[in-house]
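# Reading the structure
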Amino acid sequence: MRHHASRKRATHWVAVGILLLGAVLRLAAFDETLIEPDQAAILGEAFEIAWLNYFPLIGMKSSVGVMQTGVTPLLAAIPLFFVKRSIAVQWFFSALDLLALAWLYRTVRSTLGRRAAWVAALLYATAPWIVLYARIIWYQSLVAAFATVAFGGVLILLSPSRKSYAVESAMGKRDVQSQSVALFLAMVSTTLMSMVHLAAAPWGVMLFVFYVVIAWRRRLWRAAGAGIVASLIITLPYLIYLFISSFADLLFILRAGGESQGLNTSAFRLSRELVSGAMIVANAHGDLWDRSVILWDSGPTLLLVLLGLALVWAVWRAVTSRRDRPWLFFALVWLLAVPSLFLFSGIHLQHFYLMMLFPAPFVLLGAWIEACARGVGAMVGGTPWLTRLWRILGYLASVLLVLIAAWWASLWLVRIRLEAQGELQRHTRGWLMDRAAVTVAHYLDEEPEGQVIVLAQYERDMSPFEWLRGYIQRDGLRVVEIGRGFIIPAGPTCYLLGPGVSRNVLSPVAHMLVERPDMTIPANPPWPIFCKPASGEPPAALGQWENGMRLVDSAITGEFRAEGRLELVHTWVYRAIKPGPYHFYNHLLLDGELVAQIDGSGVLHWYWRDGDTLLTYFTLDLPAGLPPGDYVLRVGMYTWPDITRVLMVTGEDGYAIPISPEHP
């Protein structure tokens with residue numbers, strides 16, 4: 001009795017240790033999470049949801065050109081109802097993956113044994129690729145977590161400890177309840193897995209067919225009905241979008257899935273890397289991390305060898321043991337079907353496409369270790385010395401797996417330390433972005449008529465700061481891409497210079513600005529903030545257009561020569577008489593003939609406010625031949641995308657600026 005109690009306490013503390021290790025790897029330095037354009041898009045929608053301003057049918061556009069579902073922004077909004085910080089979303093996503101780890105341990109412990117649970121949970125807790133995605137805010141972040149919850153539910157449904165599944169009366173009431181809960185959780189988790197990233201949807205459909213069969217054979221009608229209703233609620237917004245768009249995205253996915261000219265074997269290569277932890281450092285793009293970690297080139301290979309032995313045992317056991325056949329067969333199908341679904345796909349695969357692979361390989365490894373430790377399930381005779389040899393093999397494999405898990409953990413512990421020390425040069429980190437959000441909000445509270453302009457570098461027409469608008473919830477914040485133009489609001493304004501933005505961009509208003517050290521964001525290097533009072537009246541207009549836009553200045557610099565370049569800076573005053581999308585044009589004319597031109601939107605029109613002074617920056621490339629004559633630079637604008645010239649109040653369609661090779 002005492003021995004049993006001691007073993008139970010040891011089992012308890014091992015489980016607690018594994019969960020604590022998983023928590024450290026997921027939650028340590030979570031405020032260092034990187035906020036980039038993709039994260040900003042999710043956070044922007046999530047804040048709008050949390051303020052009850054918006055309910056998404058879809059999310060942002062994916063890399064393959066189809067729209068993501070709105071499930072991830074909806075999940076990201078949950079913590080924002082309580083704490084309005086971007087890092088709250090990161091904490092929540094990491095905590096969900098930690099709950100999936102706890103569920104994995106519980107289900108494996110109750111169905112396959114404590115050693116199997118230790119191995120499966122330890123590997124899941126430390127697996128580098130799982131930790132990578134759990135530590136970022138992204139559409140793919142929760143695929144592994146939801147897949148793990150679904151797999152755990154299936155383990156309960158197919159548990160080898162169940163003696164009879166025929167009818168409800170043949171099972172105890174508690175058994176029926178546990179299977180009902182497991183089926184419901186499996187169905188809902190599978191739906192969420194499929195919705196957070198559509199790459200998991202084909203596997204999710206296959207799993208749902210299996211769940212329906214299980215429900216029919218076990219007569220688990222209530223659980224199945226509840227799971228179907230919950231799944232329909234989760235998928236309904238996206239289904240509405242598909243109906244509105246005439247299922248265009250679905251047709252695109254089906255076409256893309258059949259465009260491959262041959263077998264897309266990269267799915268199996270990526271699966272090997274996900275399971276073994278290979279290439280994790282190389283794919284994280286951190287040279288300092290690469291130099292700081294302990295390298296163990298044979299570690300991933302050793303794990304794959306052990307997994308190969310576990311697969312051989314699983315196949316043999318599935319053939320010879322009727323008791324273990326259902327769950328073993330399902331686990332093998334789970335492991336092999338996920339990459340096989342992409343064999344004929346023409347999509348360029350990345351690691352996150354295969355994240356629903358988990359936790360099948362780790363559970364198979366755990367089950368094999370459990371069988372070895374118990375001395376059962378050997379593929380050769382049952383003599384004592386062979387049983388002893390089988391157990392020794394299990395112990396050796398256990399030691400190797402613990403060493404591999406320790407190495408995996410060390411990789412992320414080094415990464416976390418570097419992140420916490422700010423040594424990875426991750427500029428737009430979560431806590432810095434939250435600090436910027438709070439600073440901007442505080443200024444706008446003190447200056448109700450004020451404006452804040454964030455000057456930032458963009459990536460794919462998106463900025464990491466874009467989510468601040470969802471946080472601020474007022475019209476006083478704008479995010480402007482440097483190089484496209486400049487905004488000078490009429491009222492008091494502060495300019496926040498994002499990472500990599502030079503103070504030179506403030507030259508148009510440098511004489512009016514005062515630096516605010518009390519508002520500086522303590523990045524490395526810091527993000528300074530400069531503020532100006534309300535501007536005076538703008539100068540007289542050179543020309544005025546019917547939409548209320550006035551040209552008040554034009555500066556042309558550069559070399560007016562063959563193959564030269566002219567830098568064009570035009571200053572406009574905007575009156576919101578006819579708001580809408582406009583493009584500016586700059587046409588170099590000689591005797592009415594077009595010689596060169598440059599068009600563009602300048603600062604995106606949705607950032608324009610009545611009374612703003614707008615600067616547009618253009619570079620005009622001159623042709624190889626420039627014949628002599630009187631040149632004119634004609635400046636104007638047109639509506640976009642229908643391209644209709646906006647007329648001046650004088651009836652002309654543009655303002656002419658004389659220019660010559662000698663005096664540009």
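Everything below is about the structure printed above this text.
Along each chain, numbering runs from 1 in the same order as the chain's sequence is written. Under the rules for a predicted model, residues below a pLDDT of 70 receive no local features and side-chain atom pairs below 80 are neither given nor counted, while totals for whole chains, interfaces and linings still include all residues. Excluded from the side-chain calculation are hydrogens and water; included are all heavy atoms of the structure.

## Section: the overall build of the protein
To be explicit about the condition: A run of DSSP states H or I qualifies as a helix once it reaches four residues; a run of E qualifies as a strand once it reaches two. Both are numbered from the N-terminal end. Summary of the burial criterion: residues with accessible area below 20% of their type's maximum are buried, those above 50% are exposed, and those between are partly exposed, where the area comes from a 1.4 Å probe applied to protein chains only. Here a residue-residue contact requires only that any non-hydrogen atoms of the pair lie within 4.5 Å. Per-residue and other accessible areas were derived by the Shrake-Rupley procedure at a 1.4 Å probe size, with only the shown protein chains allowed to occlude residues. We score Asp and Glu as negative and Lys and Arg as positive, and we do not count His or the chain ends. For the purpose of locating charges, the reference atoms are NZ of Lys, CZ of Arg, CG of Asp and CD of Glu.
Summing up its helical and strand segments, the protein has 20 helices and 16 strands in all. Principal-axis analysis of the C-alpha atoms places the extent of the protein at approximately 105 × 50 × 50 Å. Here the protein holds 664 residues, and 55% of them are scored as buried. A sequence separation of at least 24 residues applies to 74% of the contacts in the protein between residues at least 6 apart. Here the protein has roughly 29700 Å² of accessible surface; of this, 62% comes from carbon and sulfur atoms. In the protein, the 53 positive side-chain charges and the 48 negative ones have mean positions that sit 24 Å from each other.

## So, the pairing of strand S15 (residues 631-639)
Working note: regular strand, side chains alternate between the two faces of the sheet. Selection rule: Strands are treated as partners if at least two bridges between them are detected by DSSP.
In terms of burial, S15 is largely enclosed, as eight of its nine residues are buried. Here S15 pairs with strand S16 (residues 655-659) via five bridges, running antiparallel. Of the residues in S16, the one forming a bridge with Leu 633 is Ile 657.

## Things to note about the state of the cysteines
The cut-off we apply is this: Whenever a pair of cysteine sulfur atoms sits within 2.5 Å, that pair is classed as a disulfide.
Applying the stated criterion to the full structure yields one disulfide. Across the disulfide from Cys 494 sits Cys 531; the S-S distance is 1.9 Å. Between Cys 494 and Cys 531, the disulfide has an S-S torsion of 100° and is therefore right-handed. With a gap of 37 residues between them, Cys 494 in strand S6 (residues 493-497) and Cys 531 in strand S8 (residues 529-532) connect regions that are remote in the sequence. In terms of burial, Cys 494 and Cys 531 fall into one category: buried.

## Let's talk about the side chain of Ser 463
Short version of the rule: Counting of polar contacts relies on pairs of N or O atoms within 3.5 Å, with two restrictions inside protein: one atom must be capable of donating a hydrogen and the other of accepting it, and residues adjacent in sequence are counted only when both atoms are side-chain atoms.
Relative to the assigned elements, Ser 463 resides in the loop between strand S3 (451-456) and helix H20 (468-472). One polar contact links the side chain of Ser 463 to the main-chain amide nitrogen of Phe 465, over a distance of 3.0 Å. Apart from residues no more than four positions distant in its own chain, Ser 463 is found in contact with Pro 37, Ala 40, Ala 456, Tyr 458 and Val 479.

## What to know about the sheet that holds strand S5 (residues 485-488)
Sheet architecture is open: five strands sit in the order S5-S14-S11-S10-S9, paired in antiparallel fashion. Since the sheet does not close on itself, it has two edges, and those belong to S5 and strand S9 (543-544), each with one partner. Examined bridge by bridge, S5 and strand S14 (residues 613-621) share four bridges and lie antiparallel to one another. Across the sheet, Gly 485 pairs through a bridge with Thr 616, a residue of S14.

## Observations concerning the packing of helix H3 (residues 71-80) against helix H4 (residues 86-111)
The cut-off we apply is this: Every axis corresponds to a line fitted to the C-alpha atoms, with the helix fit spanning only the stretch in contact, and the corresponding angles, defined between N-to-C directions, vary from 0 to 180 degrees. Note on terminology: angles under 35 degrees are roughly parallel, angles over 145 are roughly antiparallel, angles of 65 to 115 are roughly perpendicular, and the others are oblique. In the scheme used here, Gly and all other residues not listed as nonpolar or charged are polar, with Ala, Val, Leu, Ile, Met, Phe, Trp, Tyr, Cys and Pro taken as nonpolar and Asp, Glu, Lys and Arg as charged.
Orientation of H3 relative to H4, taken along the N-to-C sense of each, is 110°, at an axis distance of 8 Å. Compared by their axis directions, H3 and H4 come out roughly perpendicular. Of H4, the residues touching H3 (which contributes Thr 72, Leu 75, Ala 76, Ile 78, Pro 79 and Leu 80) are Ala 88, Val 89, Phe 92 and Phe 93. Residues of the contact of H3 with H4, tallied by class, amount to nine nonpolar, one polar and no charged.

Any functional reading would require information that these geometric values do not contain.
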